[in-house]
Amino acid sequence: GAPAEQGPDSFLLPEVGPSFSAHLLNIGGGGVGLMISRGETSAAERARLVWMRVNLMPHIRAPLAITARIVHTHLDSSQNLYAGAAFDFAFNPGHRDFVVDQVTRYVSRVQAQARAAA
């Protein structure tokens, strides 16, 4: 199939369904918390397995490409969708160590920056 995104800074991701954008609320070694605006909820509510590009700049220079499963959702009074997604490495188990390493590095840098600002 055709790539989901095109351009010099984009990854070639498989076309597996409708795309949607989300804001990263939290991240850990096992998954992410996302906030999906009401204009994007229709596509997000149908997805259970998602291919994500997670931007952790400026602490991590390139976005992480990760597969995740939506494990829980909550629709707020403004119709924004909050979603918890667990990383899924079934397609590439060797990618787990790399992702955990990058997320750990990101969290360490954010915590150091917060301590320096305090």
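Up top is the structure.
Residues numbered from 1 in each chain as written. Predicted model: local features only at pLDDT ≥ 70, side-chain atom pairs only at ≥ 80, totals over all residues. Heavy atoms only, no water.

Another point: the overall build of the protein chain. Within the protein chain one finds two helices and five strands. Walking the protein chain from its N terminus toward its C terminus, one meets helices and strands in the order β-β-α-β-β-β-α. Buried positions account for 31% of the 118 residues belonging to the protein chain. Only carbon and sulfur atoms are counted for the fraction: they give 51% of the accessible area of the protein chain, which is about 7,600 Å². (Helix = DSSP H or I, 4+ residues; strand = E, 2+ residues; numbered from the N terminus. Buried < 20%, exposed > 50% of the residue type's maximum accessible area, 1.4 Å probe, protein only. Areas by Shrake-Rupley, 256 points an atom, 1.4 Å probe, with all protein chains shown as cover.)

Bringing the packing of aromatic side chains into the picture now. A ring pair, where both rings are aromatic, is described by two values, the distance of the centres and the angle of the planes. A full pass over the atoms with the stated rule returns two aromatic pairs. Centroid distance Phe-87 to Phe-89: 6.2 Å. Interplanar angle 65 degrees. Geometry classified as edge-to-face. You can call Phe-89 buried: its relative accessible area is 10%. (Phe/Tyr/Trp six-rings, centres within 6.5 Å; stacked < 30°, edge-to-face > 60°.)

So, about the sheet that holds strand S1 (residues 23-28). Within the open sheet, the five strands sit side by side as S1-S2-S5-S4-S3. Their pairing is antiparallel. Only two strands of the sheet have a single partner each, and these edge strands are S1 and strand S3 (49-54). Sheet twist, expressed as the average angle between the axes of neighbouring strands with direction ignored, equals 35 degrees. Note: strand S4 (residues 64-75) against strand S5 (residues 81-87), seven bridges, orientation antiparallel. Across the sheet, the residue bridging to His-74 is Tyr-82, located in S5. Sheet contacts for helix H2 (residues 95-117): S1, S4 and S5; angle to S4, the most-contacted strand, approximately 70 degrees. (Pairing = 2+ DSSP bridges. Axes fitted to C-alpha atoms, helices over the stretch in contact; angles between N-to-C directions. Contact = heavy atoms within 4.5 Å.)

The first and last C-alpha atoms of H2 sit 33 Å apart over 23 residues, in line with the 33 Å expected at 1.5 Å per residue. Packing partners of the buried residues in H2 comprise S1, S4 and S5. (Expected span 1.5 Å × (residues − 1).)

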